[in-house]
Amino acid sequence: MSDDARSTTEITLLGRSYAIACPPNEEAELKRTARYLDRAMHGIHSRGKVLDAEKIAIMAALNITHELLQVQDEKRAGDESLAELSQRLERALGEVPQR
């Protein structure tokens, strides 16, 4: 097993530490991701309705997944709009008389 396969990075979620297997070149992104998840979990926890860490993690995962799907839908709509504009531009340019 290579050293990269055994490398772990320490993250903290809701005050609990976890050692996560992670290649060294991905450590910064893992920590950034963990901070985002930790903030989401703290937000749910601070509302006081959900106290179980597992349920908090599930709610945070659902919220983050919802955000991701919204962004993907917006990107898809933007891509479609851009493609439509590009087609319109191509048609318009095709109608311009050549000199």
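Above this text is the structure in question.
Note that this is a predicted model, so its numbers are computed, not measured.

## A short note on the layout of surface pockets
Step number 1: When its volume is computed, the largest pocket comes out at roughly 170 Å³.
Step number 2: What lines the largest pocket is simply Glu29, Arg32, Thr33, Tyr36, Leu37, Ile64, Glu67, Leu68 and Val71.
Step number 3: Mapped onto the lining of the largest pocket, the elements with two or more residues apiece are α2 (27-46) and α3 (53-95).

## A few points about the environment of Glu26
Step number 1: Secondary-structure assignment places Glu26 in the loop between β2 (16-21) and α2.
Step number 2: Along the sequence, Glu26 and Ala77 sit 51 residues apart, while their C-alpha atoms lie 31 Å from each other.

## Comments concerning the environment of Ala61
Step number 1: In this fold, Ala61 is placed in helix α3.
Step number 2: The class for Ala61 is partly exposed, based on a relative accessible area of 37%.

## Focus: the environment of Glu84
Step number 1: Along the chain, Glu84 turns up in helix α3.
Step number 2: A sequence separation of 44 residues divides Glu84 from Ala40, and the C-alpha atoms of the two residues are 37 Å apart.

## Points about unusual backbone geometry
Step number 1: You will see that Leu14, though not glycine, has its phi angle at about 50 degrees, which is positive.
Step number 2: Turning to its location among the elements, Leu14 is positioned in the loop between β1 (8-13) and β2.

## Focus on the pairing of β2
Step number 1: Counting buried positions along β2 yields zero of six residues, so the element is predominantly exposed.
Step number 2: Where β1 lies against β2, six bridges are found, and the strand directions are antiparallel. Residue Thr9 lies in a different strand from β2, and its bridge partner there is Ile20.
Step number 3: The antiparallel pairing of β1 with β2 creates a hairpin that spans two residues between the two strands, and Leu14 there sits at a positive phi of about 50 degrees.

## As for the nonpolar core
Step number 1: Counting nine residues, the largest nonpolar core consists of Ile11, Leu13, Cys22, Leu30, Ala34, Met41, Ile44, Ile56 and Ala60.
Step number 2: Contributing elements (two or more residues each) for this core: β1, α2 and α3.
Step number 3: With residues near it in sequence (within four places) discarded, Met41 still touches Leu13, Leu14, Ala53, Ile56, Ala57 and Ala60.

## Regarding the pattern of salt bridges
Step number 1: The tally for this structure, following the rule as stated, stands at four salt bridges.
Step number 2: As a salt-bridge pair, Arg76 and Asp73 come within 3.0 Å of each other at their nearest N and O atoms. With Arg76 and Asp73 both in helix α3 and three residues apart, the pair spans about one turn of that helix.
Step number 3: Relative accessible area serves as the criterion here: at 44%, Arg76 is assigned to the partly exposed category.

Rules and cut-offs
Residues numbered from 1 in each chain as written. Predicted model: local features only at pLDDT ≥ 70, side-chain atom pairs only at ≥ 80, totals over all residues. Heavy atoms only, no water. 1 Å grid on protein atoms, 1.4 Å probe; cavity = no way out; pocket = protein on both sides within 12 Å on 5 of 7 lines; lining within 4 Å. Points joined across faces, edges and corners; volume = space filled by probe spheres on them. Helix = DSSP H or I, 4+ residues; strand = E, 2+ residues; numbered from the N terminus. Buried < 20%, exposed > 50% of the residue type's maximum accessible area, 1.4 Å probe, protein only. Pairing = 2+ DSSP bridges. Core = buried A, V, L, I, M, F, W, Y, C linked by side-chain atoms within 4.5 Å. Contact = heavy atoms within 4.5 Å. Salt bridge = Lys/Arg side-chain N within 4 Å of Asp/Glu carboxyl O.

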